[in-house]
Amino acid sequence: MTIALLLIALVILGAAAAAMLSRNLIHSALLLVGAWAGIAAFYLWAGAEFVAFAQALVYVGAVSMVVLFAVLLTRQGATSAPVEFASWRRAVLGLVVAGGVMGVLFGSIMGSPLDVRLPAPPTGISVQQLGLLMMGPYAPALLIVGVLLTVALLGAIVIAAVDKPEDTP
Amino acid sequence: MSPATDHYLERAPLVLRDWIVDLFPATLQWLVHNLITIAVILTVFGLFFAFTTIAERKLLARLQNRLGPNRSGLPWWKNGPKLWGLTQPFADAVKALTKEDVVPAAADKVLHFLAPVLIVAFSLLGFAVLPFGRHLIPVELDAALLYFFAAGAATELAIFMAGWGSRNKYSLLAAMRALAQLISYELPLLLSVVPVVMVVGTLSTKDIAAAQGGWTFGFLPHWHVFTPWGLAAFLIFLVATLAESNRSPFDLPEAESELIAGHLTEYSGFKYALFFMAEYFGLTALSGLGVTLFLGGWQAPCAFLEFIPSWLWFMGKLAGMIVFFIWVRGTLLRLRIDQLTRLSWKFLVPLALLNLGNGAFWALTPDWTGPLALARWGISTAIVVVPFFLLGRRLTAGQAPRSYRYAPS
C-alpha cells in the first residue's frame, strides 16, 4: 500500500514539476491534467471513491477543457513562453510571494499532528449517506458554493455577451 | 429471485472463471481473477465491435438498396464458403495493421501517438460497471454511474490532443468543433440520467437494474422507459448518446464529405482504426448504460421468458440499441453546427431540467394508488409533453415547416 502511495505521489509531483518546467503551454496544461488524475488516484487510494470519481469528472473532464480553451484563445504568436523574467523587481517579488506561500504551507503542515496511526476511518460510507450529509448538516456549504458558481457563471456571461456593433446585422 | 430457482446458465460464466482461477496458486488468484475479467471484456466487446462494423455496413447497404460486403470468405481456401462476408472485419483489421503509418513532420509526435491510445483506453473503462447479467458485473461500485461518466470524460482530452498534435489547421478547428459538440451534449446526457438515480435512490448500476424487476399482470415489465419521466429521459439520452459518440445525424466532427475528416485528417493506418474502435466502444458502452438504466438491464420482458439467461437478454437489448443507431444513421441527414448546439442548449437541456423535476415528483408520490395513480401518470406526462410542444413551437417558429421554393413539391 505504501509503495502505491509513493508511486502516486511520484506521478503527481513529477507531472506538476514537468508542467512548470515545460516551455510549451499546451504540454504544461496536459501535464497538469496528469497531476489532477494522480490526485484522483490518491483519493481512490485513500478510500474516498466518490471524491475520486468527482475529481476525475470535474478536473480531468471539465476544468482541463477550460484551461486548454483559455490557452488556445489567449495565446499570442509562438507557443513558447519567454524564458527570462521581465525585470529584477518582478523576479524578487515573485520569489517573495512564492516563499510566503511555501512558508504558510510548511507552517500548517508542521503545526498539524503527524501521528498517522489515527483510529481507522469509518470505511464503506455509501454514496447515499454522503448525499444525506450534503443535504442535511452541510447544506449551507453546498448552497454557498452553488451561489458562488452561479455568480461566476453570470459574470462570465456578462463579460462574454457584449454586443459589438459589427455583430448586429 | 432465490438462488434455488436460478438457472444453471446464469452462473455458468462465473463457475468457469472460478474453475480457471482455482488452477493457480492462492497468491496469484486475485490477479488471475481480474485478468480473466479484463480478457473477457476485451474479447467479447472486441468481437462485438468487429461484427458491429460488418452489421453496420450490411444494414446501411440494404437501406440504400445495395448488397454490402459479401465477398470475403475463408483464407487459404479458394472457392470455399463465403459466409455472407462475415469474415470482412478480420480482413479489415489485417489491412489496417499493415498500412503505412504516416506522421506529419511538424506534428507533436508524443501527443499524436498518445491520442488514439488514450481514447481507446478510456472508452473501454466504462464497461467495468455494466451489469451484464444477474450475477455478472465486472466491478461492483457504489458510485458506479459516477465512475462511468468520469471514465468517459477523458475522451475529450484525447480528441484535443489529436487535433492539436497533428499541427494542422483543419485538425485543430475540427477538434474544437468536436469538443464544443461533446461538451454541449454532456449536459443533457448527465441530466437525463439523474431522474433514474433520484427514483431508485442509488448510483449503483447493479441496484438500478435490479430495481426494474417484476411485472404488472405478469407481462407489463417495470422498466423505467415505461414511465413518463423514464420515456422522456430515455429519448433525451438517445439523442445525447448519438451526439456523444459522433454518430449520424451528429457526425459533424468527421463529416467525410465536408471536412476532410476532422481531427482524424493526419491519422492513417491502425491509428485511424483505433479512433473508430473507440467510437464504437463508446457507443456500445453508452448503449449498455441506456439498457441498464431504462430498458430493464438484464431483466426479461415477460415472466415466462425468464428461462433465457439474463446475460443473453442484456446482449440482445444491446444489439437492438446498436441496430437502432445504425437505422438512424441510414435515415437522418447531418445537422449544421448551429442547429446542433441550438438543439442541445435551447431544447434538450431545458427539457432535461424539467424532467429532473418530473423524476422528483415521481419519487415523492409512490403511495398514490387507485385514482390518484392515474393523476400521478397524468401530471408526470404533462410535465414533459406540454413543454415539449411549447418549446418546439417557439424554436421552430418561422423555420418550420420548410417551404421549398425551387423544388417541385
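The next subject is the overall build of chain B. Broken down by element type, chain B carries 13 helices and two strands. Relative to a compact globule of 409 residues, whose C-alpha radius of gyration would be 22 Å, chain B shows 23 Å and is just as compact. Taken along the three principal axes of its C-alpha coordinates, chain B extends 70 × 70 × 45 Å. Looking at the 409 residues of chain B, the share that counts as buried comes to 39%. Once local pairs closer than 6 in sequence are excluded, the contacts in chain B between residues at least 24 apart make up 75%.

Geometry of a packed helix pair, given as the angle between the helix axes and the separation of the axes. Residue and element names in this part refer to chain B. Interaxial distance between helix α6 (residues 155–165) and helix α7 (residues 169–200) falls to 7 Å at its minimum, and their mutual angle equals 165 degrees. Taken as axis vectors, α6 and α7 run roughly antiparallel relative to one another. The two elements α6 and α7 cross, and the hand of that crossing is left-handed. Together, E156, I159, F160, A162, G163 and W164 of α6 and S171, L172, A174, A175, M176, A178, L179 and L182 of α7 make up the contact between the two elements.

Bringing the domain arrangement of chain B into the picture now. Residue and element names in this part refer to chain B. Here chain B is described as being made up of domain 1 (7–98) and domain 2 (102–393). Averaged C-alpha coordinates put domain 1 and domain 2 at centres separated by 23 Å. Facing the 19 residues of domain 1 at the interface are 21 residues of domain 2. Elements supplying a minimum of two residues to the side of domain 1 that touches domain 2: α1 (8–21), α2 (29–63) and α3 (88–98). Sorting elements by how many residues they give to the side of domain 1 that touches domain 2 places α2 first, with 11 residues. Residues of the side of domain 1 that touches domain 2, tallied by class, amount to 13 nonpolar, three polar and three charged.

Below, the discussion takes up the interface of chain B and chain A. Counting from both sides, the interface comprises 18 residues of chain B and, opposite them, 16 residues of chain A. Elements with a minimum of two residues in the side of chain B that touches chain A: α5 (144–152), α6 and α7 of chain B. Looking at the side of chain B that touches chain A residue by residue, the classes come out as 14 nonpolar, two polar and two charged.

Another aspect to go through is unusual backbone geometry. Residue and element names in this part refer to chain B. Residue R167 is not a glycine yet carries a positive backbone phi of 55 degrees. We classify R167 as partly exposed; it has 16 C-beta atoms within 10 Å. The phi dihedral of N246 falls on the positive side, at around 55 degrees, and the residue is not glycine. If you trace the backbone, N246 turns up in the loop between α9 (228–244) and α10 (269–293).

What follows concerns the confidence of the model for chain A. Per-residue confidence for chain A averages 83 on the pLDDT scale, and 82% of its residues sit at or above 70. When mean pLDDT is taken per element in chain A, helix α1 (residues 2–21) of chain A scores highest with 92 and helix α5 (residues 127–135) of chain A scores lowest with 86.

Nonpolar side chains in soluble globular proteins tend to end up buried together. Ranked by internal contacts, the top residues of the largest apolar core, which has 114 residues, are A56 and V60 of chain A together with A143, Y147, A158, A175 and I236 of chain B. Of the residues forming this core, the biggest block, 13 residues, is contributed by α10 of chain B. Ignoring sequence-local partners within four residues, the contact set of A56 of chain A consists of A37, A40 and G61 of chain A together with A150 and A153 of chain B.

Let us now look at α2 of chain B. Residue and element names in this part refer to chain B. Given a rise of 1.5 Å per residue, 35 residues ought to cover 51 Å, and the 49 Å separating the end C-alpha atoms of α2 matches this to within 8%. What α2 keeps buried is the set F45, T52, I54 and K58. Positive phi appears at N65, one or two residues downstream of α2, with a value of about 65 degrees.

Let us look at the packing of α9 of chain B against α10 of chain B. Residue and element names in this part refer to chain B. Between α9 and α10, whose axes approach to 10 Å, the crossing angle comes to 175 degrees. As summarised for this structure, α9 and α10 are arranged roughly antiparallel, according to the angle between their axes. Residues F234, F237, T241 and E244 of α9 lie in contact with α10, whose contacting residues are L286, S287 and G290. The residue inventory of the contact of α9 with α10, partitioned by class, reads three nonpolar, three polar and one charged.

We now examine the environment of W36 of chain A. All names here are of chain A. By the secondary structure assignment, W36 is in helix α2 (residues 25–45). As a C-alpha pair, W36 and Q55 span 19 residues in sequence and 7.7 Å in three-dimensional space. In this structure, W36 is in contact with Q55, Y59 and V60, ignoring residues within four places of it in sequence.

Cut-off values and rules
- The residue numbering used here restarts from 1 in each chain and proceeds along that chain's sequence as written.
- A letter from A marks each chain and a number from 1 marks each ligand, given out in the order of writing.
- Only residues with pLDDT of at least 70 get local features here, since the model is predicted, and only at 80 or more are side-chain atom pairs given and counted; chain-wide, interface and lining totals rely on the full set of residues.
- Numbering of helices and strands runs from the N terminus, with a helix taken as a DSSP run of H or I at least four residues long and a strand as a DSSP run of E at least two residues long.
- As defined in this context, the radius of gyration uses C-alpha atoms, and a globule is described by 2.2 Å times the residue total to the power 0.38.
- To sort residues by burial, count the other C-beta atoms lying within 10 Å of each one's C-beta; a count of 20 or more means buried, 12 or fewer means exposed, and anything in between means partly exposed. C-beta atoms are built from the backbone.
- Residues are treated as contacting if the C-beta atoms built from their backbones sit within 7 Å of each other.
- Fitting a line to C-alpha atoms yields each axis, with helices limited to the stretch in contact; the angle taken between N-to-C directions then spans 0 to 180 degrees.
- When describing relative orientation, an angle under 35 degrees is termed roughly parallel and one over 145 degrees roughly antiparallel, while 65 to 115 degrees is termed roughly perpendicular and anything else oblique.
- By definition, any crossing whose near helix is turned counterclockwise from its far helix by less than a right angle is left-handed, and any crossing with a clockwise turn is right-handed.
- Residue ranges labeled as domains rest on an automatic or database domain assignment.
- Each residue receives one of three labels: charged for Asp, Glu, Lys and Arg, nonpolar for Ala, Val, Leu, Ile, Met, Phe, Trp, Tyr, Cys and Pro, and polar for the others, Gly being one of them.
- Across the chain, each position has a pLDDT score giving the predictor's confidence in that residue, from 0 to 100.
- Working definition: the nonpolar core is a set of buried Ala, Val, Leu, Ile, Met, Phe, Trp, Tyr and Cys residues, joined through C-beta atoms within 7 Å.
- The span expected for a helix works out to 1.5 Å for each residue beyond the first.

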